[in-house]
Amino acid sequence: MNLPLPAVSGGSGSIIDPYLVLRPFFEHVLHKFHLTHDFIPVFYGMLLTLIIGTFCYFATRNIKDVPGPMQNLLEMIYLKLESFTVSMMGDAGKDWIFLIGSLFIYILGANLFGLVPQGESPTSNINQTVALALFTFFFIHYAGLKSQGLNYFKHFLGDVWWLAPLMLPIHIVGELARPLSLSMRLFGNIRGEDITLCILFFLAPLFVPLPMALFMAFTSFIQAMVFTMLTMSYISGALPHGEHGEEEH
Amino acid sequence: MTLPMWIVIMSGLTVALGAFAGSFGMAKAIASTVESIARQPESTGEIRTTMIIGLALIESLTIYCLVISLILLFVYNAG
């Protein structure tokens, strides 16, 4: 039994098909290369990266002391991100702002992309969020190894040596639960938003989805913030003198 | 009752129970956050960031319920 739900990415036969331009175009391109439509979120992600990259290129092409509007906006975004990172991680956060800022901007753009006409959130597909979370997972251990060397593995053993056989599996499971929870949280939130919005459009296309869309812009921001916040607390848990990261999963 | 009907019922119940329990936890967290902000307005920022992290962690359990019900609907029911 198949449910008559208006699937957000239901392929051809979806309810909103006649108005879509971008997605059939991507499907057309994919069929030329004999690929299935599972790759469409990748296209949306690439489009988003292209938009952000083009904006940054034109904003930083000629940097002046008295900034123009685009450079001003970019500087404001950078300063906000820097103060956000420093308030979470202390001064050590300045070394990792390239990762935190990129993650935040990409995830925020990806979440908001579902509210744009013709757009679809790349993060409403679980492959994208798993990729982001796995990258974060490996980066945390890279940060720990880079800052502490092999001493980093000592904290897996716990504080008391005779509890090490008990603490090691707990820590390993805890580490492995991090990418799982990060990816599932982002995916579930954004996918749930998209499905809710789609059902609202299906029920009452005019004006009714608008307050929900505003609320979704807010939750998109919150989710991007939560992802970067958790990344920051994990990284500062892996750094040597940072406060011991809370065991959050 | 056939299996697809059970799957539909259970996928609805999963989200309902998850949202129920999660919202109670979040209500408790928000209540004590408001209380402590009223007591110490100067540390509003820190309290708020801690609350948002905590709310996200509580919410993630509810989201797991959503994911499980989506799996039930779209993977088991379609297969």
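All of these numbers come straight from a predicted model, not from anything done at the bench.

Caption draft 1: Summary view of the overall build of chain A. Helices and strands together make up the secondary structure of chain A, namely seven helices and zero strands. In chain A, buried positions account for 41% of the 249 residues. Counting contacts in chain A only where the partners sit at least 6 residues apart, residues at least 24 apart contribute 61% of the total. Summing over all exposed atoms, chain A offers an accessible surface of approximately 14200 Å²; the carbon and sulfur share of this is 72%.

Caption draft 2: Region of interest: the overall build of chain B. Of regular secondary structure, chain B possesses two helices and zero strands. Scaling as 2.2 N^0.38, a compact globule of 79 residues should have a C-alpha radius of gyration of about 12 Å, whereas chain B reaches 18 Å, well beyond that. Its C-alpha atoms put chain B at 60 × 20 × 10 Å along the principal axes. For chain B, the share of sequence-separated contacts (at least 6 apart) that also reach a separation of at least 24 residues comes to 81%. For chain B, the exposed area adds up to about 4900 Å²; of that, 75% sits on carbon and sulfur atoms.

Caption draft 3: Representation of the packing of aromatic side chains. Residue and element names in this part refer to chain A. Summed over all chains, the structure comprises 14 aromatic pairs over all chains. Their ring planes at 70° and their centres at 5.3 Å tell us that tyrosine 57 and phenylalanine 58 sit as a pair that is edge-to-face. Three or more aromatic residues link up through ring pairs in this structure, and these residues are Phe25, Phe26, Phe43, Tyr44 and Phe113. The cationic tip of arginine 178 hangs over the ring face of tyrosine 234; the distance from NZ or CZ to the ring centre is 4.1 Å.

Caption draft 4: Focus on the confidence of the model for chain A. Residues and elements named next belong to chain A. Of all residues in chain A, 89% attain a pLDDT of 70 or more, and the chain-wide mean is 82. Across chain A, element-level confidence peaks in helix H4 (residues 97-112) with a mean pLDDT of 91 and bottoms out in helix H1 (residues 22-32) with 80. Scored below 50 in pLDDT, residues 1-14 shows 26 contacts in the model against residues more than four places distant or in partner chains. For residues 242-249, every residue scores under 50 in pLDDT, and the model assigns this stretch 21 contacts once sequence neighbours within four places are set aside.

Caption draft 5: The arrangement of the interface of chain B and chain A in detail. In this assembly, 18 residues from chain B lie in contact with 22 residues from chain A. Together chain B and chain A conceal approximately 1700 Å² of surface at their shared face, both sides included; 78% is due to carbon and sulfur atoms. Connecting chain B to chain A are zero salt bridges. Put simply, chain B and chain A have one residue pair in polar contact (both at pLDDT 80 or more) between them. Sorting the residues of the side of chain B that touches chain A by element identifies helix H1 (3-39) and helix H2 (44-76) of chain B as the ones contributing at least two each.

Caption draft 6: Unusual backbone geometry, seen in detail. Residue and element names in this part refer to chain A. Within the chain, phenylalanine 207 stands out as a residue other than glycine whose phi angle is a positive 65°. With respect to the helices and strands, phenylalanine 207 occurs in the loop between helix H6 (164-203) and helix H7 (209-238). A relative accessible area of 67% means that phenylalanine 207 is categorised as exposed.

Caption draft 7: Spotlight on helix H2 (residues 40-59) of chain A. Residue and element names in this part refer to chain A. Helix length check: H2 (20 residues) gives 29 Å between terminal C-alpha atoms against 28 Å at 1.5 Å per residue, within 8%. Those residues of H2 not exposed but buried are Ile40, Pro41, Tyr44, Gly45, Leu48 and Ala59. Taken around the axis of H2, the buried residues stretch over an arc of 155°, which confines them to a single face.

Caption draft 8: Broad picture of H7(A). With 30 residues, H7(A) extends 43 Å from end C-alpha to end C-alpha; this agrees with the ideal 44 Å at 1.5 Å per step. Burial runs high along H7(A): 21 of the 30 residues are buried.

Caption draft 9: Here's a closer look at the environment of Phe26(A). All names here are of chain A. With respect to the helices and strands, phenylalanine 26 occurs in helix H1. Distance from phenylalanine 26 to phenylalanine 139, taken between C-alpha atoms, is 31 Å for residues 113 residues apart in sequence. Discounting chain neighbours no more than four positions away, the residues touching phenylalanine 26 are Ile40, Phe43, Tyr44 and Leu47.

Caption draft 10: Inspection of the nonpolar core at higher detail. The biggest cluster of nonpolar side chains holds 47 residues, and the ones touching the most others in it are Met89(A), Trp96(A), Ile107(A), Leu132(A), Phe227(A), Leu230(A) and Ile235(A). Listing elements by their share of this core, those giving two or more residues are H1, H2, helix H3 (69-89), H4, helix H5 (126-148), H6 and H7 of chain A together with H2 of chain B. In terms of residue count, the dominant contributor to this core is H7(A) (11 residues).

Caption draft 11: Region of interest: the confidence of the model for chain B. On average, residues of chain B carry a pLDDT of 87, and 96% of them reach 70 or more. Reported for the predicted complex are a pTM of 0.81 and an ipTM of 0.72.

Caption draft 12: Quick peek at the packing of H5(A) against H6(A). Residues and elements named next belong to chain A. Two elements in contact, H5 and H6, have axes whose closest approach is 8 Å; the angle formed by their N-to-C orientations is 145°. For the element pair H5 and H6, the recorded crossing hand is right-handed. Only Glu175, Leu176, Arg178, Pro179, Leu182, Ser183, Met184, Leu186 and Phe187 of H6 make contact with H5, whose side of the interface consists of Ile126, Thr129, Val130, Leu132, Ala133, Thr136, Phe137, Ile140 and His141. Tallied by class, residues from the contact of H5 with H6 come to 12 nonpolar, four polar and two charged.

Cut-offs used in this document
- Residues numbered from 1 in each chain as written.
- Chains lettered and ligands numbered in written order.
- Predicted model: local features only at pLDDT ≥ 70, side-chain atom pairs only at ≥ 80, totals over all residues.
- Heavy atoms only, no water.
- Helix = DSSP H or I, 4+ residues; strand = E, 2+ residues; numbered from the N terminus.
- Buried < 20%, exposed > 50% of the residue type's maximum accessible area, 1.4 Å probe, protein only.
- Contact = heavy atoms within 4.5 Å.
- Areas by Shrake-Rupley, 256 points an atom, 1.4 Å probe, with all protein chains shown as cover.
- Rg over C-alpha atoms; globule rule 2.2 N^0.38 Å.
- Phe/Tyr/Trp six-rings, centres within 6.5 Å; stacked < 30°, edge-to-face > 60°.
- Lys NZ or Arg CZ within 6 Å of the ring centre and 35° of its normal.
- pLDDT = per-residue confidence, 0-100.
- Buried area = accessible area lost by both parts, 1.4 Å probe.
- Salt bridge = Lys/Arg side-chain N within 4 Å of Asp/Glu carboxyl O.
- Polar contact = N/O pair within 3.5 Å; in protein donor to acceptor, adjacent residues only side chain to side chain.
- Expected span 1.5 Å × (residues − 1).
- Arc of directions from axis to C-beta.
- Core = buried A, V, L, I, M, F, W, Y, C linked by side-chain atoms within 4.5 Å.
- Axes fitted to C-alpha atoms, helices over the stretch in contact; angles between N-to-C directions.
- Left-handed = near helix turned anticlockwise from the far one by under 90°.
- Nonpolar A, V, L, I, M, F, W, Y, C, P; charged D, E, K, R; others polar.

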